[in-house]
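What the coordinates show
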Amino acid sequence: MEFDEKLAQALGETFDERMARRMKVTKKHSFSLSYRLWEYKTLKNLRRNRFDNHWTLRKARCAVAAMVCALTLLIGITAYAAIVIMGRYNFVDKSDYSKMLIEAHPTDKTTFEEYYGLPEEDGWEMEDYDILHRFTAVNYRRGDKEVTFCQSLIEEGNMGNINTEKADVEMLSLYSENDGFVLEFRDDWSSIFWIYNGYLLEITGNINKKEAVNLAHSTKIIDLQKSR
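Thresholds, definitions, all that
- Residues numbered from 1 in each chain as written.
- Predicted model: local features only at pLDDT ≥ 70, side-chain atom pairs only at ≥ 80, totals over all residues.
- Heavy atoms only, no water.
- Helix = DSSP H or I, 4+ residues; strand = E, 2+ residues; numbered from the N terminus.
- Buried < 20%, exposed > 50% of the residue type's maximum accessible area, 1.4 Å probe, protein only.
- Polar contact = N/O pair within 3.5 Å; in protein donor to acceptor, adjacent residues only side chain to side chain.
- Contact = heavy atoms within 4.5 Å.
- Core = buried A, V, L, I, M, F, W, Y, C linked by side-chain atoms within 4.5 Å.
- Phe/Tyr/Trp six-rings, centres within 6.5 Å; stacked < 30°, edge-to-face > 60°.
- Salt bridge = Lys/Arg side-chain N within 4 Å of Asp/Glu carboxyl O.

1. With respect to the side chain of Asn206
With respect to the helices and strands, Asn206 occurs in the loop between β12 (199-205) and α4 (209-217). Residue classification places Asn206 among the buried positions, given a relative accessible area of 19%. There is a polar contact of 2.8 Å between the side chain of Asn206 and the backbone nitrogen of Glu146. Here Asn206 is in contact with Asp144, Lys145, Glu146, Asp188 and Trp189, once residues within four sequence places are set aside.

2. Here we look at the nonpolar core
If you look at the biggest cluster of nonpolar residues, it comprises 26 residues, and the most contacted ones within it are Leu118, Tyr140, Val147, Phe149, Ile192, Trp194 and Ile203. Elements that contribute at least two residues to this core include exactly β4 (115-117), β6 (135-142), β7 (145-153), β11 (189-196), β12 and α4. In terms of residue count, the dominant contributor to this core is α4 (4 residues). Contact partners of Tyr140, with chain neighbours within four places excluded, come to Gly117, Leu118, Trp124, Glu125, Met126, Lys145, Glu146, Val147, Phe149 and Ile222.

3. Looking at the packing of aromatic side chains
A complete count under the given rule lists 10 aromatic pairs for this structure. Taking the centre distance of 6.0 Å and the plane angle of 10 degrees together, the rings of Phe112 and Tyr199 count as stacked. Of this pair, Phe112 sits in the loop between β3 (98-102) and β4 while Tyr199 sits in strand β12; the two residues are 87 residues apart in sequence, bridging distant segments of the chain. When its relative accessible area of 15% is taken as the criterion, Phe112 is described as buried. You can call Tyr199 buried: its relative accessible area is 0%. Note on Tyr175 and Tyr196: the rings are 4.7 Å apart at their centroids and 50 degrees apart in plane angle, and the pair reads as tilted. Of this pair, Tyr175 sits in the loop between β9 (170-172) and β10 (180-186) while Tyr196 sits in strand β11, and the two are 21 residues apart along the sequence.

4. Some thoughts on unusual backbone geometry
If you check the backbone angles, Asn178 has positive phi at about 50 degrees while not being a glycine. Checked against the element boundaries, Asn178 lands in the loop between β9 and β10. The exposure class of Asn178 is partly exposed, given its relative accessible area of 27%. Although it is not a glycine, Asn197 sits at a positive phi angle of roughly 55 degrees. Relative to the helices and strands, Asn197 is located in the loop between β11 and β12. Here Asn197 falls in the partly exposed class, since its relative accessible area comes to 39%.

5. Digging into the pattern of salt bridges
Counting across every chain of the model gives 10 salt bridges. For the salt bridge of Glu121 with Lys220, the shortest nitrogen-to-oxygen distance reads 3.3 Å. A residue pair is termed long-range when its members are at least 10 positions apart, and Glu121 in the loop between β4 and β5 (125-131) and Lys220 in strand β13 (residues 220-222) qualify at 99 residues. Exposure remark for Glu121: the relative accessible area of 60% places this residue in the exposed category. Note that Arg141 and Glu127 form a salt bridge whose closest N and O atoms lie 2.9 Å from each other. Here Glu127 lies in strand β5 and Arg141 lies in strand β6, a separation of 14 residues in the sequence. Classification of Glu127 as partly exposed rests on a relative accessible area of 43%. Connected through shared salt-bridge partners, Lys109, Glu113 and Glu114 make up one network.

In structure tokens:
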């Protein structure tokens, strides 16, 4: 091989290596947040002809960690703020439902001393009912209207979940201020809750909000014999 051919080969290999290095994509280097914070304050002090021996990269890292903790605490506070307090009711808001909690009161009943329901003189016919240890449910019918009347003993803490995905909680003052609320899912389907005489009462069925409020006001003591 002549000298000119060797030179051309050597130059060609060098050119290929240079092109390979240029075509190779390398990860862009980036400094950490703590380093940028340390660099910013150090350069700022130098521009003011000051130099702080106590401001080290380690302290900058600690400052960043403190900011992260503060941000985490703020997020935690924001999540806690999802608890909405209305009267004695606390609602822990979720994406498709809410947990309902009720603040305890000395007048709350610990056993069923009486049972509540709808007046038969208004045309409501009792179809069936269940009496459990802390909960009763009575099914009523009047024409094309069907509702379930529930009565619960109030417990400190979670009283169950309510469907707040398709309806907003609207507070009501039925017998006292903010003693109840209504959920209107459609024009012909609603649920109403209220606290009365130491119990939590609920009516759910194919009724609108106005009808639900009227039924709550018509509630009376009824005679239920426990079935066994």
